[in-house]
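# Residue-level structural notes
Spelled out, the chains give:
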Amino acid sequence: MQTISIDTKNKHYNVYVGSHIYESVLTLYEKQLQKADHVVIFVDEVVAKLHLENLLRPLELISKKAVHVFKLPAGESSKAVETFMACHSFLLEVGCTRKTIAFALGGGASGDVVGFVASTFMRGIPFFQCPTTILAHDSAVGGKTAINHPQGKNMIGSFYQPDAVLFDVSTLSTLPPKEILSGMAEVIKHALISDHRWVEELFSFQTFYEISNDQYLSYLVKGIQVKAAIVEADEFEQSVRKYLNLGHTYGHAIEASTGYGKITHGESVAIGLVISLLLSEKVQSLQKGTARKLFDALCAFGYSFDPVLEHKIDTLIGYMKRDKKSSFGDLHFVLLEQIGQPCMEIVSVKEVLLAHEQLRKWSMEVHK
Ligand SMILES: NC(=O)c1ccc[n+]([C@@H]2O[C@H](COP(=O)([O-])OP(=O)(O)OC[C@H]3O[C@@H](n4cnc5c(N)ncnc54)[C@H](O)[C@@H]3O)[C@@H](O)[C@H]2O)c1
Ligand SMILES: [Zn+2]
């Protein structure tokens, strides 16, 4: 098991990464768990069938109490105000107080909604993140919580750090291939903003299935370390934390236009990464040809660029202007001066249009 510590101004906590780690990690929190008046697991309903028992059993044993379980709708649909209210109602019905501890078991969607519930129930209760997707190596760390508003993703939320993150990587064995692609997009993002050797290593694989379990584990730990360093420097996204949004301005627009849940977050981010690199070659000093290299690698891994062909640029621009990073209608992008050196840049609509056209051409070539 590997332990990564996160030190923000408000909180110090650990991220534990390893296989079958719940029992040994929970033991470290034995006193806190036994002092709680109630312990509640909020779990994605699909994950409940696969992995709930592995958390529930040691948690009941170590906390010395019957643990309450509340099932959340699977995936993105749980990030709705109705689910948020249902979680609060459940906590009230059980008789929870500020001495209650909440657990989030599932992917990034469960983590986001449960984090927001924990940050608002009686103005805040402690919570533990137990991520079960590759993508959640990113979302479970750093304290961003959110639910969606019909007019925009993650529009309602808070910054609220967990007490610990228990990343049992054995849960990843049940992930469908689509979710592996989704999660690996954020791994690639972490590589692009931090280390060119790591990017070269990722590009050298023909498929993700070539990657051994140990390599997976090391990439996840590396991704968490990149995120941890950035979150420690800028917990509330005033400066460098924005770099974690590489690929997200265009990616979120693709995600919103396609319809949440119809395309995964990471699949949209993968497309957005290529746009960011195209823009970086144009308005920054990124070496020419890097975007194409990324595009080819992503196609080989099985990412689809069809959504670029399906959406009008005007619709996408509309979404990009509403992005949380944008101000006064300008388009703000995270770009790369070179691999490992991100920067923020205001980009004109014309440049985005040109990058979109270029990616459309490449995507059409793939279909020929
Ligand atoms: N808070 C942050 O900093 C942050 C960062 C990145 C992404 N996010 C958010 O994370 C969400 C995406 O997270 P995600 O990709 O983990 O998706 P998800 O939580 O929607 O899960 C994806 C699907 O996989 C299933 N699943 C989860 N774990 C499984 C397992 N071990 N085996 C089989 N099936 C499993 C779920 O039921 C769901 O259908 C988005 O809402 C995004 O906005 C948040
Ligand atoms: Zn993301």
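All figures in this text were calculated on a predicted structure; none of them were measured in a lab. (Residues numbered from 1 in each chain as written. Chains lettered and ligands numbered in written order. Predicted model: local features only at pLDDT ≥ 70, side-chain atom pairs only at ≥ 80, totals over all residues. Heavy atoms only, no water.)

### Some remarks on the coordination of the zinc ion (ligand 2)
Put simply, the rule is: With water omitted from the atoms examined, metal sites may look incomplete; donors here are N, O and S atoms no farther than 2.8 Å from the metal, or 3.2 Å in the case of Na, K and Ca. Note on conventions: DSSP H or I runs of at least 4 residues are helices, E runs of at least 2 residues are strands, and numbering of each starts at the N terminus. Throughout, exposure labels follow a simple rule: accessible area from a 1.4 Å probe, protein chains only, divided by the maximum for the residue type, with under 20% read as buried, over 50% as exposed, and the rest as partly exposed.
Bound to the zinc ion (ligand 2) are the protein donor atoms Glu186 (OE), His248 (NE2) and His265 (NE2), situated 2.0 to 2.2 Å from the metal. Mapped onto the sequence, the residues coordinating the zinc ion (ligand 2) show the spacing E-x61-H-x16-H. In this pair, Glu186 is assigned in helix α7 (residues 177-192) and His265 in helix α11 (residues 265-283), connecting sequence segments 79 residues apart. Residue His265 is classed as buried on the basis of its relative accessible area of 19%.

### Some details on the sheet that holds strand β5 (residues 101-106)
Applicable threshold: By definition, two strands form a pair when at least two bridges between them are found by DSSP. Structural elements are reduced to axes, namely lines fitted to C-alpha atoms, with helices fitted over the stretch in contact, and the angle between N-to-C directions of any two is expressed from 0 to 180 degrees.
The strand order across the open sheet formed by 7 strands is β1-β2-β9-β6-β5-β3-β4, and the pairing between neighbours is mixed. Among the strands making up the open sheet, the edge pair consists of β1 (2-7) and β4 (68-72). When the angles between neighbouring strand axes are averaged without regard to direction, this sheet yields 15 degrees. Note: β1 against strand β2 (residues 12-18), 6 bridges, orientation antiparallel.

### A few points about the domain arrangement of the protein chain
What counts is decided by this rule: Segment limits for the domains were obtained from an automatic or database-derived domain assignment. Whether two residues are in contact is decided by their heavy atoms, any of which lying within 4.5 Å being enough. Here's the idea: put two parts together, see how much 1.4 Å probe accessible area each one loses, and the total over both is what we call buried area. Any Lys or Arg side-chain nitrogen found within 4 Å of a carboxyl oxygen on Asp or Glu counts as a salt bridge. Side-chain atoms alone can form a polar contact between residues adjacent in sequence; in general such a contact is a pair of N or O atoms within 3.5 Å, and within protein one must be able to donate a hydrogen while the other accepts it. Throughout this entry, Asp, Glu, Lys and Arg are counted as charged residues, while Ala, Val, Leu, Ile, Met, Phe, Trp, Tyr, Cys and Pro are counted as nonpolar. The remaining residues, Gly among them, count as polar.
Domain parsing of the protein chain yields domain 1 (2-173) and domain 2 (177-367). Taken over C-alpha atoms, the centre of domain 1 sits 27 Å from the centre of domain 2. Taken together, the contact pairs 29 residues of domain 1 with 31 residues of domain 2. Buried area between domain 1 and domain 2, summed over both chains or domains, comes out near 2600 Å², and the portion from carbon and sulfur atoms is 67%. Together, Ile134, His137 and Lys153 form the three largest contributors to the area buried by domain 1 at its contact with domain 2, with a combined 24%. At the junction of domain 1 with domain 2, the criterion picks out 4 salt bridges. With its nearest N and O atoms 3.5 Å apart, the salt bridge here joins Lys153 to Glu255. Taken together, the connections running from domain 1 to domain 2 amount to 9 residue pairs in polar contact (both at pLDDT 80 or more). Mapped onto the side of domain 1 that touches domain 2, the elements with two or more residues apiece are β1, β2, α6 (136-139) and β8 (152-159). The residue makeup of the side of domain 1 that touches domain 2, split by class, is 12 nonpolar, 11 polar and 6 charged.

### Here's the deal with the site of ligand 1
How we decide: Note on definitions. A residue lies near a molecule or strand when any single heavy atom of the residue is within 4 Å of it. A 1.4 Å probe and the Shrake-Rupley method give the accessible areas. Residues count as covered only by the protein chains that appear here.
Close to ligand 1 lie 28 residues; Glu76, Gly108, Thr132, Thr133 and Thr174 are nearest. At a separation of 2.9 Å, an oxygen atom of ligand 1 approaches a polar side-chain atom of Asp44. Across the complex, the protein chains shield 90% of the 870 Å² of accessible surface that ligand 1 would expose by itself. Taken together, the elements giving at least two residues each to the shell around ligand 1 come down to α3 (45-63), α5 (108-120), α6 and β8. When its residues are assigned to classes, the shell around ligand 1 shows 8 nonpolar, 11 polar and 9 charged. Counting only domains with at least three residues in the shell around ligand 1, you end up with domain 1 (2-173) and domain 2 (177-367).

### Re the packing of aromatic side chains
Let me state the cut-off plainly: Any two of the Phe, Tyr and Trp rings considered here, Trp counted by its six-membered ring, make a pair once their centres fall within 6.5 Å; the pair's planes then place it as stacked at under 30 degrees, edge-to-face at over 60, or tilted in between.
Taken as a whole, this structure holds 12 aromatic pairs when the rule is applied. An angle of 35 degrees between the planes, with centres 6.1 Å apart, marks the rings of Trp198 and Tyr219 as tilted. Linking Trp198 in helix α8 (residues 196-203) with Tyr219 in helix α9 (residues 213-233), this pair joins segments that are 21 residues apart in sequence. Ring centres 5.4 Å apart and planes at 45 degrees place the aromatic pair Phe295 and Trp362 in the tilted group. With Phe295 in helix α12 (residues 290-301) and Trp362 in helix α15 (residues 349-367), this residue pair connects regions lying 67 residues apart in the sequence. Three or more aromatic residues joined by ring pairs form one cluster here, namely Tyr16, Tyr29, Phe103 and Phe128.

### Looking at the nonpolar core
Counted only if it meets this: To qualify as a nonpolar core, a set must consist of buried Ala, Val, Leu, Ile, Met, Phe, Trp, Tyr and Cys residues joined through side-chain atoms within 4.5 Å.
Formed by 78 residues in total, the largest nonpolar core has its most connected members in Met184, Ile188, Leu192, Tyr303, Phe333 and Leu359. Here the element with the most residues in this core is α11; it accounts for 9 residues. Excluding residues that lie within four positions of it along the chain, Met184 makes contacts with Ile134, Leu202, Phe208, Ile211, Tyr216 and Tyr303. Tyr29, Val39, Leu55 and Phe128 belong to the second-largest nonpolar core, a separate cluster that totals 26 residues.

### Focus: helix α4 (residues 81-94)
What counts here: Expected helix span is taken as 1.5 Å per residue step, with the number of steps being one fewer than the number of residues. By arc we mean the arc of the directions from the helix axis to the C-beta atoms, nothing more.
Compared with the 20 Å implied by 1.5 Å per residue over 14 residues, the 20 Å span of α4 between its first and last C-alpha is a close match. Within the span of α4, buried status applies to Thr83, Phe84, Cys87, His88, Phe90, Leu91 and Val94. Relative to the axis of α4, the buried residues are bounded by an arc of 155 degrees and lie together on one face. Within α4, the exposed residues directed more than 90 degrees away from the buried face are Glu82, Leu92 and Glu93. Contact partners of the buried residues in α4: β3 (39-44), β4, α5 and β7 (144-149).

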